[in-house]
Amino acid sequence: MIEDKNPQRTSIAQLGEFGLIDHLTKNFKINQASTLKGIGDDAAVLDFKDKKVVVSTDLLIEGVHFDLAYMPLKHLGYKAVTTNISDICAMNAKATQITVSIAVSNRFPLEALDELFAGINHAAKEYNVDVIGGDTTSSQKGLIISITAIGEADEDEIVYRNGAKQTDLLVVTGDIGAAYMGLQVLEREKQVFQVNPNSQPDLDAYTYLIERQLKPEARKDIRTLFHALEIKPTSMIDISDGLSSEIMHLCKQSNVGCNLYEDKLPLDPQFISVCEEFNIDSTTVAINGGEDYELLFTIAMEDFDKIKANPNFSIIGHMTQESEGIHLVTRANTKIPLKARGWDSITE
């Protein structure tokens with residue numbers, strides 16, 4: 001639930017829908033040349049000239065995708081934007097605009113929405129995207145957020161999920177699994193708080209994991225890095241639902257198999273330590289956890305020398321013939337069929 005330390009609580013009903021929209025959007029500035037018209041008309045007007053346009057939409061629902069017991073509204077606004085921009089990055093495109101729609105119950109005062117939109121505005125500035133529209137309405141089920149992200153790229157830059165070839169290398173950015181363990185820490189502290197509301201959690205040992213959960217960053221830097229290294233991935237996807245699920249998406253759409261090597265998984269030391277503390281197998285979490293928002297991609301074997309020493313990338317496997325299937329190769333050199341046990345918002 002929201003911890004409201006500010007005694008001022010302004011009812012949204014006082015402003016009305018259009019007054020609320022004016023209030024929440026007054027700080028959004030237009031920075032992109034492709035934005036001809038943003039907020040203020042029946043529709044936004046965009047001009048991408050010779051560029052191709054990429055569009056992605058996500059829906060975040062309170063109680064399904066986030067818990068306000070430990071998710072500050074400002075962080076939620078930031079995360080709602082970055083997770084959508086991550087989808088644009090996964091197409092090897094540059095994010096340029098977003099729309100923001102919210103449904104909110106009457107338990108939220110105006111000050112709470114100000115916090116949410118402060119996070120949205122911070123992310124918009126950080127990623128240099130224009131907020132060009134959206135919608136507001138009421139909700140009987142808490143807070144619902146829908147963000148649509150729009151991006152641009154030259155046609156020959158765009159990377160799809162279906163281009164992986166046999167013998168391609170499987171590569172991931174950053175490290176994986178930390179966001180899931182950050183969630184486990186937050187859930188544990190929530191349970192402690194429910195038993196003893198006077199307890200104050202000491203989270204110093206978990207700062208990296210918690211940040212990965214509450215304030216993930218989209219890898220907008222990777223597109224620039226690809227240009228500098230003269231690499232174009234053959235396929236790409238972002239890791240939102242878990243590494244195993246994303247590998248299976250690439251394999252299914254590209255009609256290939258895959259060998260993923262356990263000893264090549266990039267794991268942060270704090271992540272390994274906390275897995276031991278929770279008595280959870282680090283490999284299981286790393287391949288199934290989700291919400292890392294790193295990029296998973298394949299490249300041709302000929303590009304190995306271009307990335308082999310780059311600290312942003314880890315080569316974690318290679319693609320095979322479809323008939324060979326999709327496997328995890330353990331540290332003991334045993335091949336285990338890889339199963340998708342990542343996040344599924346419909347069944348969980």
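Conventions and cut-offs
Each chain has its residues counted from 1, running along the sequence as written. Confidence filtering applies because this is a predicted model: local features only for residues at pLDDT of at least 70, side-chain atom pairs given and counted only at 80 or more, and all residues used for totals across whole chains, interfaces and linings. For side-chain calculations, the full set of non-hydrogen atoms in the structure is used, while hydrogens and water are omitted. UniProt positions are given in the numbering used here, feature names are shortened, and annotations may be inferred rather than shown by experiment. Accessibility here uses a 1.4 Å probe with only protein chains present; expressed as a share of the type maximum, an area under 20% marks a residue as buried, one over 50% as exposed, and anything in between as partly exposed. Strands here mean DSSP runs of E at least two residues long; helices mean DSSP runs of H or I at least four residues long; both are numbered from the N terminus. Note on definitions: a residue-residue contact is assigned when non-hydrogen atoms from the two residues lie within 4.5 Å. Residues grouped as a nonpolar core are buried Ala, Val, Leu, Ile, Met, Phe, Trp, Tyr and Cys residues, joined through side-chain atoms within 4.5 Å. By definition, two strands form a pair when at least two bridges between them are found by DSSP. A right-handed crossover is one whose linking path, passing over the helix from the first strand to the second, runs clockwise when the strands point away from the viewer. Stacked, edge-to-face and tilted are the three classes for Phe, Tyr and Trp ring pairs, Trp counted by its six-membered ring, which pair at centre distances within 6.5 Å; planes under 30 degrees apart are stacked, over 60 edge-to-face, the rest tilted. Domain ranges listed in this record stem from an automatic or a database domain assignment. Two parts placed together each lose some accessible area; with a 1.4 Å probe, that loss summed over both constitutes the buried area. Here, a salt bridge means any side-chain nitrogen of Lys or Arg that lies within 4 Å of a carboxyl oxygen of Asp or Glu. The definition of a polar contact used here is a pair of N or O atoms within 3.5 Å, where within protein one atom must be able to donate a hydrogen and the other to accept one, and adjacent residues in sequence count solely through side-chain atom pairs. Lines fitted to C-alpha atoms define the axes, with helix axes restricted to the stretch in contact, and inter-axis angles between N-to-C directions lie between 0 and 180 degrees.

- The name that an unreviewed UniProt entry assigns to the chain is Thiamine-monophosphate kinase, with the source organism given as Flavobacterium frigoris.
- In UniProt, the chain has this text filed under Catalytic activity (unreviewed entry): "thiamine phosphate + ATP = thiamine diphosphate + ADP".
- The UniProt entry for the chain carries this comment under Function (unreviewed entry): "Catalyzes the ATP-dependent phosphorylation of thiamine-monophosphate (TMP) to form thiamine-pyrophosphate (TPP), the active form of vitamin B1."

### Focus: helix H5 (residues 207-214)
Right, on to step 1. Taken as a whole, H5 has its buried residues at Leu209, Ile210, Arg212, Gln213 and Leu214.
Right, on to step 2. For H5, the elements touching its buried residues are helix H2 (73-89), helix H4 (178-195) and helix H8 (269-278).

### Re the nonpolar core
A general tendency of soluble globular proteins is for nonpolar side chains to be buried together.
Right, on to step 1. In terms of nonpolar packing, the biggest core is built from 92 residues, with Leu243, Ile247, Leu260 and Leu296 touching the most fellow members.
Right, on to step 2. Those residues in contact with Ile247 that sit more than four places away from it in its chain are Leu170, Cys258, Leu260, Leu296, Ile326 and Leu338.

### Describing the pairing of strand S4 (residues 94-104)
Right, on to step 1. Of all 11 residues in S4, 8 are buried; the element is thus mostly enclosed.
Right, on to step 2. Bridge count between S4 and strand S6 (residues 144-153): 9 bridges; the pairing is antiparallel. Its bridge partner lying in S6, Lys94 is registered against Glu152.
Right, on to step 3. The pairing of S4 with strand S5 (residues 130-138) spans 7 bridges and is parallel. Paired with Val104 across the strands is Ser138, a residue of S5.
Right, on to step 4. The handedness of the S4 to S5 crossover, carried by helix H3 (residues 110-126), is right-handed.

### Structural notes on the packing of aromatic side chains
Right, on to step 1. On inspection of all chains with the given rule, the structure shows 5 aromatic pairs.
Right, on to step 2. Measuring from centroid to centroid gives 5.5 Å for Phe297 and Phe313, while their planes differ by 80°, and the two rings are edge-to-face. In this pair, Phe297 is assigned in strand S10 (residues 295-299) and Phe313 in strand S11 (residues 313-321), connecting sequence segments 16 residues apart.
Right, on to step 3. Clustering of aromatic rings is evident, with ring pairs tying together Phe226, Phe297 and Phe313.

### Section: the domain arrangement of the chain
Right, on to step 1. As far as domains go, the chain holds domain 1 (12-153) and domain 2 (168-337).
Right, on to step 2. Each of domain 1 and domain 2 was reduced to a C-alpha centroid, and the two centroids are 27 Å apart.
Right, on to step 3. Here domain 1 meets domain 2 over a buried area of about 1,900 Å², counting both sides, of which 56% is carbon and sulfur.
Right, on to step 4. The largest contributions to the domain 1 side of the interface with domain 2 come from Tyr70, Lys79 and Asn92, which together make up 32% of the buried area.
Right, on to step 5. Salt-bridge contacts for Glu291 lead to Lys79; the nearest nitrogen and oxygen are separated by 3.0 Å.
Right, on to step 6. Inspection of the region where domain 1 meets domain 2 yields 11 residue pairs in polar contact (both at pLDDT 80 or more).
Right, on to step 7. Those elements that provide at least two residues to the side of domain 1 that touches domain 2 are H2 and S6.

### A few points about the UniProt feature "domain: PurM-like N-terminal" (unreviewed entry) in the chain
Right, on to step 1. In the numbering adopted here, UniProt assigns the feature "domain: PurM-like N-terminal" (unreviewed entry) to residues 40-152.
Right, on to step 2. Within residues 40-152, the helical portion is 30% and the strand portion 36%, while the C-alpha atoms at the span's ends are 23 Å from each other.

### Digging into the side chain of Arg219
Right, on to step 1. With respect to the helices and strands, Arg219 occurs in the loop between H5 and helix H6 (221-229).
Right, on to step 2. By relative accessible area, Arg219 is classed as buried at 14%.
Right, on to step 3. Polar contacts involving the side chain of Arg219 include one to the side chain of Glu294, which spans 2.8 Å.
Right, on to step 4. At a separation of 3.4 Å, a polar atom in the side chain of Arg219 contacts the side chain of Asn312.
Right, on to step 5. Apart from residues no more than four positions distant in its own chain, Arg219 is found in contact with Cys89, Thr173, Gly174, Tyr293, Glu294, Leu295 and Asn312.

### Some words on the sheet that holds S11
Right, on to step 1. If you walk across this open sheet you meet the 7 strands as S8-S10-S7-S11-S9-S12-S13, and the pairing is mixed. The open sheet has two edge strands, strand S8 (235-238) and strand S13 (335-337), and neither has a second partner. Put simply, the sheet's adjacent strands are angled 25° from each other on average, direction ignored.
Right, on to step 2. Pairing of strand S9 (residues 256-261) with strand S12 (residues 326-329) involves 4 bridges; the strand directions are parallel. When the sheet's bridge partners are listed, Cys258 is paired in S12 with Ile326.
Right, on to step 3. Contacting S8 and S10, H2 runs over the sheet at an angle of about 175° to S8.
Right, on to step 4. Along the sheet, H6 makes contact with strand S7 (169-173), S8, S10 and S11, crossing S11 at roughly 75°.

### Section: the sheet that holds S4
Right, on to step 1. If you trace the 4 strands from one edge of the open sheet to the other, you get S3-S6-S4-S5, paired in mixed fashion. Both outer strands of the open sheet, strand S3 (52-61) and S5, are each paired with one neighbouring strand and no more. Averaged over all neighbouring strand pairs, the angle between strand axes comes to 15°, with direction disregarded.
Right, on to step 2. Across the sheet, H2 touches S3, S4 and S6, and the angle it forms with S6 is around 35°.

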